[in-house]
Amino acid sequence: MTPITSNTTVRRWARFAWHYVEMVIAMFAGMIILGFAQSAAGLDFTYQNDPEIASLLMAFDMSVGMAAWMRFRGHRWPVTLEMCGAMFVPLVPCFPLLWLGLIDGGALMLVSHVAMFPAMLAVMLMRLDEYAGCAR
């Protein structure tokens, strides 16, 4: 058995970091492309008027982009769906805050979007081998 060299470790973490960046890009691509499609179809949900629907649609759009990229990269469905869940998890504590009037739709959007990044990172760290050693 060969000991892990620091060069190997650096490459592994570099792959992990690059994969995270790819996921963020895919997330934004899904959000932009599907957002335009929804606008073209006349779906006009806003965080001011329909904060729950708008935030669920945004999480869905981001999930579609990430899922497409993950499947392209060769990830299995369970891992892909786990990552998609990270887009929805931040909404769980935010919705009650919204309903209680402690935050408004704009704050819901800001908090949930910011929380998605560490949620994605947590999922990736739980499956370090999956994300640091992806073959594609």
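Our structure's up above, just so we're on the same page.
All figures in this text were calculated on a predicted structure; none of them were measured in a lab.

Novice: Help me out: how do you make sense of the pattern of salt bridges in this one?
Specialist: Oppositely charged side chains can pair when the atoms bearing their charge come close. Going through the model one piece at a time under the given rule, you end up with four salt bridges. Here Arg73 makes a salt bridge to Glu22, at a shortest N to O gap of 2.8 Å. On the criterion of sequence distance, the pair formed by Arg73 in the loop between helix 2 (51-72) and helix 3 (77-88) and Glu22 in helix 1 (residues 6-40) is long-range, its members being 51 residues apart. Comparing Arg73 with Glu22, the two get one shared label, buried. Between Arg76 and Glu130 there is a salt bridge, with the nearest N and O atoms lying 3.1 Å from each other. Note that Arg76 is positioned in the loop between helix 2 and helix 3 and Glu130 in helix 6 (residues 128-132), a separation of 54 residues in sequence. By relative accessible area, Arg76 is classed as partly exposed at 47%.

Novice: I tried to follow the nonpolar core on my own but got confused; where do I start?
Specialist: Where a protein is soluble and globular, its nonpolar side chains tend to be buried together. Grouped together as the largest cluster of nonpolar side chains are 30 residues, with contacts concentrated most on Met83, Met87, Met120 and Tyr131. If you list the elements that add at least two residues to this core, you get helix 1, helix 2, helix 3, helix 4 (91-99), helix 5 (105-126) and helix 6. In this view, Met83 contacts Met23, Met66, Met70, Met120, Val123, Met124 and Tyr131; residues no more than four positions away in its chain are not counted.

Novice: Can you help me understand the packing of helix 1 against helix 2 in this one?
Specialist: A pair of packed helices is captured by two measures, namely the crossing angle of their axes and the spacing between those axes. Between helix 1 and helix 2, the shortest axis-to-axis distance is 7 Å and the interhelical angle comes to 125 degrees. By the angle between their directions, the pair helix 1 and helix 2 is classed as oblique. The two elements helix 1 and helix 2 cross, and the hand of that crossing is right-handed. From helix 1, Glu22, Met23, Ala26, Met27, Gly30, Met31, Leu34, Gly35 and Gln38 reach across to helix 2, where they touch Leu57, Met58, Asp61, Met62, Val64, Gly65, Met66, Trp69 and Met70.

Novice: I tried to follow the layout of surface pockets on my own but got confused; where do I start?
Specialist: Size it by volume and the largest pocket reaches roughly 260 Å³. What lines the largest pocket is a set of 14 residues, among which Gly35, Gln38, Ser39, Phe45 and Met58 lie closest to the centre. Broken down by secondary-structure element, the contributors of at least two residues to the lining of the largest pocket are helix 1 and helix 2. By residue number, the principal contributor to the lining of the largest pocket is helix 1, which donates six residues. Here the residues of the lining of the largest pocket are counted per class, giving nine nonpolar, three polar and two charged.

Novice: In this structure, what is going on with the state of the cysteines? I would like to understand it.
Specialist: Disulfide: a covalent bond formed between the sulfur atoms of two cysteine residues. Summed over all chains, the structure comprises zero disulfides. Cysteine Cys94 remains unbridged, with the sulfur of Cys84 as its closest cysteine sulfur at 19 Å. A relative accessible area of 4% means that Cys94 is categorised as buried.

Each value, and the rule that gives it
- Residues numbered from 1 in each chain as written.
- Predicted model: local features only at pLDDT ≥ 70, side-chain atom pairs only at ≥ 80, totals over all residues.
- Heavy atoms only, no water.
- Salt bridge = Lys/Arg side-chain N within 4 Å of Asp/Glu carboxyl O.
- Helix = DSSP H or I, 4+ residues; strand = E, 2+ residues; numbered from the N terminus.
- Buried < 20%, exposed > 50% of the residue type's maximum accessible area, 1.4 Å probe, protein only.
- Core = buried A, V, L, I, M, F, W, Y, C linked by side-chain atoms within 4.5 Å.
- Contact = heavy atoms within 4.5 Å.
- Axes fitted to C-alpha atoms, helices over the stretch in contact; angles between N-to-C directions.
- Parallel < 35°, antiparallel > 145°, perpendicular 65-115°, else oblique.
- Left-handed = near helix turned anticlockwise from the far one by under 90°.
- 1 Å grid on protein atoms, 1.4 Å probe; cavity = no way out; pocket = protein on both sides within 12 Å on 5 of 7 lines; lining within 4 Å.
- Points joined across faces, edges and corners; volume = space filled by probe spheres on them.
- Nonpolar A, V, L, I, M, F, W, Y, C, P; charged D, E, K, R; others polar.
- Disulfide = S-S within 2.5 Å.

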